Amino acid sequence: MEISIFGLGYVGAVSAGCLVKDGHTVIGVDTSDTKVSLINAGNSPIIEQDIDKIIATGAKSGSLSATTDCALAIKKTSVSMICVGTPSQLNGSLDLKYVRRVCEQIGEEIKNKDDYHVVVIRSTMLPGTMRDIVQPTLEDSSGKTAGVGFGLAINPEFLREGTAVYDYYNPPKTVVGANDKRTQDIVLDIYAHLPGPKIGTDLATAEMVKYSDNVWHALKVAFANEIGNISKKVNVDSHKVMDIFCQDTKLNISSYYMKPGFAFGGSCLPKDVRALVYKARSLDVDVPVLASILPSNELQVNHGLELITEKNKRKIGILGFSFKAGTDDLRESPVVEVIERLIGKGYDLRLYDKNVSIASVVGANRDYILNRIPHISRLMVDSEQEVIDHAEVLVIGNSDPNFKQAVKSAPAECHIVDLVRIINPDDGSDLYEGICW
């Protein structure tokens, strides 16, 4: 395949070299005469392990060249990858002037091109940028429609400086966002030989995936450093701690807790976060990441309450209010917190949770239910149907699988607030709303 790469910085140079190594013909495009000359002379414009040899081989064979001429590059290629920088501005927003300029230039050149030219963004951009800036700019300058007159995709890169070539050939995943299957298939085919899952999705999801990855990596570093700072103060080797921590791939290094939804609760997580933050403060160790966990959790409780109250209905039904399905434990349950606030605001509630109902009679939480939260126990009913019949707003508070059918059987005029994604949002009614979806 003939591919043009716009922007010969870090991502562009690595992408160009590796694509040539894979058998493609690549034309690099950059406004810098120095970078163009380096590529044409077989020299790498960046310092990165192995890329200098790859570029030298590609230039010598004639498969890799570079130019400042956008028109020439578009004319000779069928796919263009945009790898220009998106630097931070003083207020933290992205400077997208280079993306805009390249899209204008490419659009002008594909205006009179008969072939279906595919434009692929590899630059890192916030969700909505493709929709609000890239697509309109390309369509306005070309006079064509994305997905019809030309292809438009975003293909985020997951390259680490120092190991970029290795990462290119050993990706954790390959993600291509596009709004039409033809374009998506063309781009995915470029990476068909690489290991790892190949994921086709929409434009905005692909944009958000890249930010989720990078911010998660930053959070992990900050988390490990704060654990390390506390460990040192109490004479514990933090590397031993984290080496053991990372051996748990069932919970610690896994997808188990990585599902957006409602706040956490229970007898362990709130208590232990609170205790460790208190210990850090007693040692004069500043832990802003750890200290922000409980306030962040409280914001999610507030968000859940807002979703319910903004419906302007007084009759609320709640299915599931133990802190998670399969348990009767109400200690620090975030749904209980929502219930108590709704009671305080005068809402008419009905509650059902089969495990809590059993516990109120014979369980270990009997005393807690009857003596600590009697105002809640009086609102408990004996069946899901009683809750459904009462509710103008039906809230799903935990992931008991029986609640799936309850959502489907709710009256069409009943608002559904799903805090746990009990069903696929596409299967919900027009009045269905999830807390994070």
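Residues numbered from 1 in each chain as written. Predicted model: local features only at pLDDT ≥ 70, side-chain atom pairs only at ≥ 80, totals over all residues. Heavy atoms only, no water.

Enquirer: How do you make sense of the overall build of the protein when you look at a structure like this?
Expert: A count of helices and strands for the protein gives 19 helices and 13 strands. Taken over 437 residues, the protein has a buried fraction of 46%. Sequence-distant contacts, at least 24 apart, represent 68% of the contacts inside the protein between residues at least 6 apart. For the protein, the centre of its 46 positive side-chain charges and the centre of its 56 negative side-chain charges are spaced 3 Å apart. (Helix = DSSP H or I, 4+ residues; strand = E, 2+ residues; numbered from the N terminus. Buried < 20%, exposed > 50% of the residue type's maximum accessible area, 1.4 Å probe, protein only. Contact = heavy atoms within 4.5 Å. Lys, Arg positive; Asp, Glu negative; His and termini not counted. Charge placed at Lys NZ, Arg CZ, Asp CG, Glu CD.)

Enquirer: Got a minute to help me understand the UniProt feature "binding site: substrate" (unreviewed entry) in the protein in this structure?
Expert: Following the UniProt record, the feature "binding site: substrate" (unreviewed entry) maps to Phe158, Leu159, Arg160, Glu161, Lys210, Tyr257, Met258, Lys259, Pro260, Gly261, Gly265 and Lys324 here. Spanning 167 residues, the named residues are also spread out in space, since their farthest C-alpha pair is 41.3 Å apart. Here Phe158 shows up in the loop between strand 6 (150–154) and helix 7 (164–169). When its relative accessible area of 16% is taken as the criterion, Phe158 is described as buried. Mapped onto the secondary structure, Leu159 falls in the loop between strand 6 and helix 7. We classify Leu159 as buried; its relative accessible area is 16%. Apart from residues lying up to four places away in sequence, Leu159 is in contact with Val14, Ala164, Asp167 and Tyr168. (UniProt positions renumbered as here; feature names shortened; annotations may be inferred.)

Enquirer: What's the story with the sheet that holds strand 10 (residues 348–352) in this structure? I'm lost.
Expert: Pairing between the strands of a sheet is mediated by backbone hydrogen bonds and can be parallel or antiparallel. Judged by pairing direction, the sheet is parallel, and its five strands sit side by side in the order 10-9-11-12-13 without closing on themselves. At either margin of the open sheet sits one strand with a lone partner, and together these are strand 10 and strand 13 (432–434). Taken over all neighbouring pairs, the strand axes of this sheet differ in orientation by 20° on average, direction set aside. With three bridges joining them, strand 12 (residues 415–418) and strand 13 adopt parallel strand pairing. Pairing of Val417 across the sheet is with Glu433, part of strand 13. (Pairing = 2+ DSSP bridges. Axes fitted to C-alpha atoms, helices over the stretch in contact; angles between N-to-C directions.)

Enquirer: Would you mind showing me how to read the nonpolar core here?
Expert: One broad rule of soluble globular proteins: the nonpolar side chains tend to lie buried together. Ranked by size, the top nonpolar core spans 39 residues in total, and within it Ile3, Ile5, Leu19, Val26, Met81 and Tyr168 carry the most contacts. When residues in this core are grouped by element, the largest group, eight residues, is from helix 1 (residues 10–21). Excluding its chain neighbours within four sequence positions, the residues that come into contact with Tyr168 are Cys18, Leu19, Asp22, Arg122, Leu159, Tyr191 and Leu194. Counting 31 residues, the second-largest nonpolar core is a separate cluster that includes Ala73, Val99, Ile110 and Ala206. (Core = buried A, V, L, I, M, F, W, Y, C linked by side-chain atoms within 4.5 Å.)

Enquirer: It is not clear to me how the UniProt feature "active site" (unreviewed entry) in the protein should be interpreted in this structure. Could you clarify?
Expert: The feature "active site" (unreviewed entry), as given by UniProt, occupies Cys268 in the numbering adopted here. When you line up the elements, Cys268 lands in the loop between helix 10 (238–245) and helix 11 (269–282).

Enquirer: Would you take a moment to explain the domain arrangement of the protein for this structure?
Expert: The accessible area lost on association of the parts is a frequent measure of interface size. What the domain assignment reports for the protein is domain 1 (2–202) and domain 2 (298–434). Centre-to-centre separation of domain 1 and domain 2, based on C-alpha positions: 49 Å. (Domains from an automatic or database assignment.)

Enquirer: Just checking my understanding: could you explain the side chain of Thr174 for this structure?
Expert: Its place among the elements puts Thr174 in strand 7 (residues 174–178). Look at Thr174 and you get buried, because its relative accessible area is 5%. Every residue in contact with Thr174, bar those within four places of it in the chain, is listed here: Asn155, Tyr191, Pro197, Lys198 and Ile199.

Enquirer: When you look at a nonpolar patch on the surface in this model, what are you seeing that I'm missing?
Expert: Together, Leu251, Tyr256, Tyr257 and Leu269 line one region of the surface with nonpolar side chains, adding up to about 410 Å² of accessible area. Looking at where Tyr257 falls in the secondary structure, it is placed in the loop between helix 10 and helix 11. Take Tyr257: its relative accessible area is 54%, and that puts it in the exposed class. (Patch = residues over 30% accessible without salt bridge, like charges linked within 9 Å, V, L, I, M, F, W, Y side chains within 5 Å. Areas by Shrake-Rupley, 256 points an atom, 1.4 Å probe, with all protein chains shown as cover. Salt bridge = Lys/Arg side-chain N within 4 Å of Asp/Glu carboxyl O.)

Enquirer: Honestly, the packing of helix 5 (residues 97–110) against helix 6 (residues 129–142) in this entry has me stumped. Any pointers?
Expert: Angle between the axes and distance between the axes are the two parameters that describe a pair of packed helices. Contact geometry for helix 5 and helix 6: axes closest at 7 Å, N-to-C directions at 35°. You can see that helix 5 and helix 6 cross each other, and the crossing is right-handed. Seen from helix 5, the contacting residues are Val99, Arg100, Cys103, Glu104, Ile106, Gly107, Glu108 and Ile110; seen from helix 6, they are Ile133, Val134, Thr137, Leu138, Ser141 and Ser142. Split into classes, the residues belonging to the contact of helix 5 with helix 6 amount to seven nonpolar, four polar and three charged. (Left-handed = near helix turned anticlockwise from the far one by under 90°. Nonpolar A, V, L, I, M, F, W, Y, C, P; charged D, E, K, R; others polar.)

Enquirer: Would you take a moment to explain the side chain of Asp30 for this structure?
Expert: Locating Asp30 in the fold gives a position in the loop between strand 2 (25–29) and helix 2 (33–40). Buried and without a salt bridge, Asp30 has Lys35 as its closest oppositely charged side chain, separated by 4.1 Å. Within the structure, the side chain of Asp30 is placed 2.8 Å from the backbone nitrogen of Leu8, a separation counted as a polar contact. A distance of 2.8 Å separates a polar side-chain atom of Asp30 from the backbone nitrogen of Ser32. Here Asp30 is in contact with Gly7, Leu8, Lys35, Val36, Thr67 and Thr68, once residues within four sequence places are set aside. (Polar contact = N/O pair within 3.5 Å; in protein donor to acceptor, adjacent residues only side chain to side chain.)

Enquirer: I would appreciate a short explanation of the pattern of salt bridges in the present structure.
Expert: Oppositely charged side chains can pair when the atoms bearing their charge come close. Under the defined criterion, the tally for this structure stands at 15 salt bridges. In this structure, Glu298 and Arg341 form a salt bridge, with 2.3 Å as the shortest nitrogen-oxygen distance. Of this pair, Glu298 sits in helix 13 (residues 293–309) while Arg341 sits in helix 14 (residues 334–344); the two residues are 43 residues apart in sequence, bridging distant segments of the chain. Under the relative-accessibility criterion, Glu298 is labelled partly exposed at 35%.

Enquirer: Would you take a moment to explain the pairing of strand 9 (residues 315–319) for this structure?
Expert: Looking along a regular strand, one sees side chains alternate from face to face of the sheet. Within strand 9, four of the five residues are buried, which leaves the element mostly enclosed by the surrounding structure. In the sheet, strand 9 pairs with strand 10 via five bridges, with the strands oriented parallel. Paired with Lys315 across the two strands is Asp348, which belongs to strand 10. Across four bridges, strand 9 lies against strand 11 (residues 393–396) in parallel orientation. Bridge pairing links Gly317 to Leu394 in strand 11.

Enquirer: Hey, could you run me through the sheet that holds strand 8 (residues 198–201) in this one?
Expert: Strand order in the open sheet formed by eight strands is 3-2-1-4-5-6-7-8, and the pairing between neighbours is mixed. Looking at the sheet topology across the chains shown, the edges are occupied by strand 3 (64–67) and strand 8. Pairwise comparison of adjacent strand axes, ignoring direction, gives a mean angle of 25° for this sheet. Pairing analysis gives four bridges linking strand 4 (residues 79–82) to strand 5 (residues 117–121), with the strands arranged parallel.

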